[in-house]
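The lines below spell out each chain.
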Amino acid sequence: MYAWREPRVLWSVVSERTDSVSRPRTLRFDREHFRVYDAAFEAHYLLVAPINYLFDALVPSVAPPLPFWMYQNDASAALRRARLTVGLAHRNVLSFTPFATPGALQGVWDRRLSTAWWQFDYGLTVTTDDAIEVELGVHHSPLNIDPPEGRRIPAVLAFDEQNELHPYGRINRAQDVVVLSSSSPQPAFDFDNYNAASVGVLTPGQLFDQAGAGKFSAGSFRKQRAISASQDRAQLTRFSAHIGDISWGTQLQTELGAVVNFAESVPSSLFHRVPIRAKHTAGGLEKHWWREGAPASLVFPTFGPALRHRFPKPLELKLGEAVDFELVIPPADGPVESFRVQVGVSLVGYAKPGAA
Amino acid sequence: MTVIVPPKTADSVAFSEPRVYFGFVPLRPNEITTHDSEVFLLGEKHPVVFTRFLFHFRANEEGAIPPIERLQNVRVRIHASGQEYTSREFLSLAIWQNQPNMTASPVSSSSVSMHFDRPVYLNRRDQLFVEAQFEPGFLTELPRTVDALFHGFGVETNRPYYIGDSLTISDLTPASILCRNDGVESVMIVSLSITVGPRVPSYTTGGAAHLLRAQVKGLVNGTQQIWFKGPVDPTLNDRCPLPLLGVCVGPAIVHELDRTPRGLRSGAVGGVRMQPGENFRFEVYTEDSTLDGFDLGISAFGYLEVV
C-alpha cells in the first residue's frame, strides 16, 4: 500500500501527410514520451484523440482553399480506419482500430456542454499548505477565426474535494479563466512542422500565456481551502474543465459557411486544440503531472471527447520502462482524408512515489 | 434554524418513494435571480434524501427554447439550509455536470429515463398513474404519441416486468396512462422511461421531450401522493417538464450529490437528507442577452423516507 499517488499522463502525438501514400504506413510514436520518468506508474486508461482538426466530420460544399485542407480536414476519417498497436517489453498487449476501442461507449460526450473530467481512482491528498496549479494554454487559430467579442474564450477549471466535516460532504475549488486565441499562423500542435510559416513545435513558453490568463493559480487554490481546526488535509476526488466554445463555433460557421456544409459538418471540440498543464507547487513531487502542453482531450479519461479504453487491471510500469505505440494508417482514398493524419495517444494513471 | 433530530437507521425507514422538487428561475442578463421561496421547501412530514440536481431551459409560451449549449452561459449558486453547497461562487452550469446522461441525440431529445436507487414496491393489481400534458404553445406540434414504461422484476420469480402503455395526445388537456401490475406477483420497480414520439401520422419531426410535462403517483401503494412537486400553476398543476426528469437519460445537465453515507446528512444511498421545513435555494446569473425572457428549470431528485 503506497502512502499516496499523484496523477500522471504520458502522451504523444503523431502527424503524417497521407496524400502521396499508396500503401498502409506505420507511424511510431516517440518512445521517450512514454517512458516512466520520475516514479513507478500505473496506467488505468488509454486515450486516443484526433488533434487540432476543425471538424469531427466534414462535408464540404465547394472546393476549399489549400490552407483549409492543411489542418482542417475530417477528424473521424483520421481515426476510423487507423489501427493502433500498444507494445510493452517487445510484446504486443493491445491492437485495435480506435473507433472500436473497448469501452468507448461509456456515456456519450456532448460537445454542446463542453465539459470533461477525471474522477480520481484514489483520493488525491492535499494538506492545507499544499497547492495545485493548472493552466490552459493559448488557442492558436491558423485560419484566424476568433470569437467576435475578442480573442478570449471563457473556461473554468475545478477540483471537487471530499469533505466529511462539511454538511453536504463536498466542496469545490474552481477558477474562471480564459483561453486566449492567437492569430498566429503557427498551430499549437504542428508536430511535423508542415506549415511553411511555422517555426517548429512550440515550446511551453509559446503554448501558454505568460500573463497567466488561463491559470488556476496556486494562490487561488490555497485560498479556497475549507477552514477547519480539526482538519489538516483533504481528498481531491475530481478534476474538471470546461471550455466555452459557443462563440468560437458560431464564428467558425460565419467565416466558413461558403466552404462547409454546416448542416452536416460537426465542428471539433476545442479540447483537441488547447494545451494544458498541471502540477503540485507545494507538496507532491512538485513536478508537472504530464509533459507540458498536452492537448486537453488527452488528460480527462472519465468523461471527455477522446476515445477511451479502461484497462481491466491497471498496467504497471517501473521507473525507466517505456511503452511502444504504433498507428497503421491506410492510404488516402478521397479528398477528405488527404493531407493530414494527426492523432494523439495518452496513458492516464498515477505515479507511485516510493515504489520500485 | 436547522432542527437536529436523532439519526435514523436504514431499518427505521418503512418505505421510500421517489420525489422530484422542481421550479423555475427567470433569466435576466446581468441580474441575480432566484425562484419563489416555497418551491424547494420540504413541506412533507418525512425527510427526503436528495441525490441529484437537474438543470434545463423551460420552453416559453410561444414554444421557443434556447439551444442547449447556452446552458454554458448560465451560472448557478446553491444554498442548502442557509449554507452554500460546494462553492460560494457562481459556477457555469457546464462545470456542475458530473453525471453523464446523454445518449445519441435522437434518443436523449425524445426520451427521459430515471433509475430508482430505491425500488418502488408495486403489489398485484396496484397501479401507477402517469399524467401527461403538453406545454402551452405547442398545439401545432400535435398529435404525438407518448409512451410511459416502468421496468422492474418480480419479487418471487425475479423475471423482468415491463408495465406501461402509450397513447396519442392531440390537444393540451391532461391525459392519463394507467400502468397496472396485472401479473401474479408483486413487482419491484427500478426505473421509468417516458418518450415523446414524432408528430403523427406524418412522422416528419423528431421526438421532443421538452414539449411535455408529466406527473406520477401510486393509486394504492406508497403515500398515494404525487411524486413531482413544483410551483403552483393553475393550468399545469404540478406536472414536471420532462427534461427535468432525465436523471439517467435525457437532455438536462445532471449534478450528482456526494453519495458517501454521512450519518445524519445522508441516507443509505448517500445524497443529502433534508428534514421537513428545510429548503434549497438556487441563485442564477447570466450575462447572455439572448436568454432574456426565458426560464431555467431546476429539479432536485431524491427519495421520501417514510419512517
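Residues numbered from 1 in each chain as written. Chains lettered and ligands numbered in written order. Predicted model: local features only at pLDDT ≥ 70, side-chain atom pairs only at ≥ 80, totals over all residues. Heavy atoms only, no water.

1. A word on the packing of aromatic side chains
Given two aromatic rings, one states the distance between the centres and the angle between the planes to describe the pair. Note the threshold: Between rings of Phe, Tyr and Trp, where Trp is taken as its six-membered ring, a pair exists when centres lie within 6.5 Å; planes separated by under 30 degrees are stacked, by over 60 edge-to-face, and by other angles tilted. Only DSSP runs of H or I covering at least 4 residues are called helices, and only runs of E covering at least 2 are called strands; the numbering of each starts at the N terminus. Throughout this description, buried means an accessible area under 20% of the type-specific maximum (1.4 Å probe, protein chains only), exposed means over 50%, and partly exposed covers the range between. Consider the ring centre and the ring normal. A charge sits over the ring if Lys NZ or Arg CZ is within 6 Å of that centre and within 35 degrees of that normal.
Inspection of every chain in the model, using the stated rule, returns 29 aromatic pairs over all chains. Considering the side-chain rings of Phe239 of chain A and Trp289 of chain A, the 6.4 Å spacing of their centres and the 85 degrees angle between planes classify their relative orientation as edge-to-face. In this pair, Phe239 of chain A is assigned in strand 13 (residues 233–243) and Trp289 of chain A in the loop between strand 15 (275–282) and strand 16 (294–295), connecting sequence segments 50 residues apart. Judged by its relative accessible area of 0%, Trp289 of chain A is buried. Put simply, the rings of Tyr21, Phe40, Phe50, Phe53, Phe55, Tyr85, Trp96, Phe280 and Phe282 of chain B touch in pairs and so form one group of aromatic residues. Sitting over the ring of Trp117 of chain A, Arg238 of chain A keeps its end group 5.0 Å from the ring centre. Taking the ring centre of Trp11 of chain A as reference, the NZ or CZ of Arg291 of chain A above it sits at 4.0 Å.

2. A short note on the pairing of strand 13 of chain A
All names here are of chain A. The criterion, for reference: The rule for pairing is simple: two strands pair if DSSP sees at least two bridges between them.
Most of strand 13 sits inside the fold, with nine of its 11 residues counted as buried. In this structure, strand 7 (residues 115–127) lies alongside strand 13, joined through nine bridges in antiparallel fashion. Opposite Ala116, over in strand 13, you have Ala241 as the bridge partner. Relative to strand 13, strand 10 (residues 152–162) is paired through eight bridges, and the arrangement is antiparallel. Counted as the bridge partner of Ala155 is Ile243 from strand 13.

3. What about the pattern of salt bridges?
The condition is simple: Whenever a carboxyl oxygen of Asp or Glu lies within 4 Å of a side-chain nitrogen of Lys or Arg, that contact is scored as a salt bridge.
Overall, the coordinates contain 30 salt bridges over all chains when judged by the stated rule. Linking Glu292 of chain A and Arg277 of chain A is a salt bridge whose minimum nitrogen-to-oxygen distance equals 2.4 Å. Here the residue Glu292 of chain A occupies a position in the loop between strand 15 and strand 16, and Arg277 of chain A occupies one in strand 15, the gap between them amounting to 15 residues. Between Arg118 of chain B and Glu305 of chain B there is a salt bridge, with the nearest N and O atoms lying 2.9 Å from each other. You can see Arg118 of chain B sitting in strand 7 (residues 111–122) and its partner Glu305 of chain B sitting in strand 19 (residues 295–306), a full 187 residues away along the chain. An identical accessibility class is assigned to Arg118 of chain B and Glu305 of chain B; each is buried.

4. Focus: the sheet that holds strand 12 (residues 215–216) of chain A
Residues and elements named next belong to chain A. The four strands lie next to each other as 12-8-15-16, forming an open sheet whose pairing is antiparallel. Each edge of the sheet is formed by a strand with only one pairing partner; in this case those strands are strand 12 and strand 16. As judged from the two bridges shared by strand 15 and strand 16, these two strands associate in the antiparallel manner. By the bridge assignment, Pro275 is partnered in strand 16 with Pro295.

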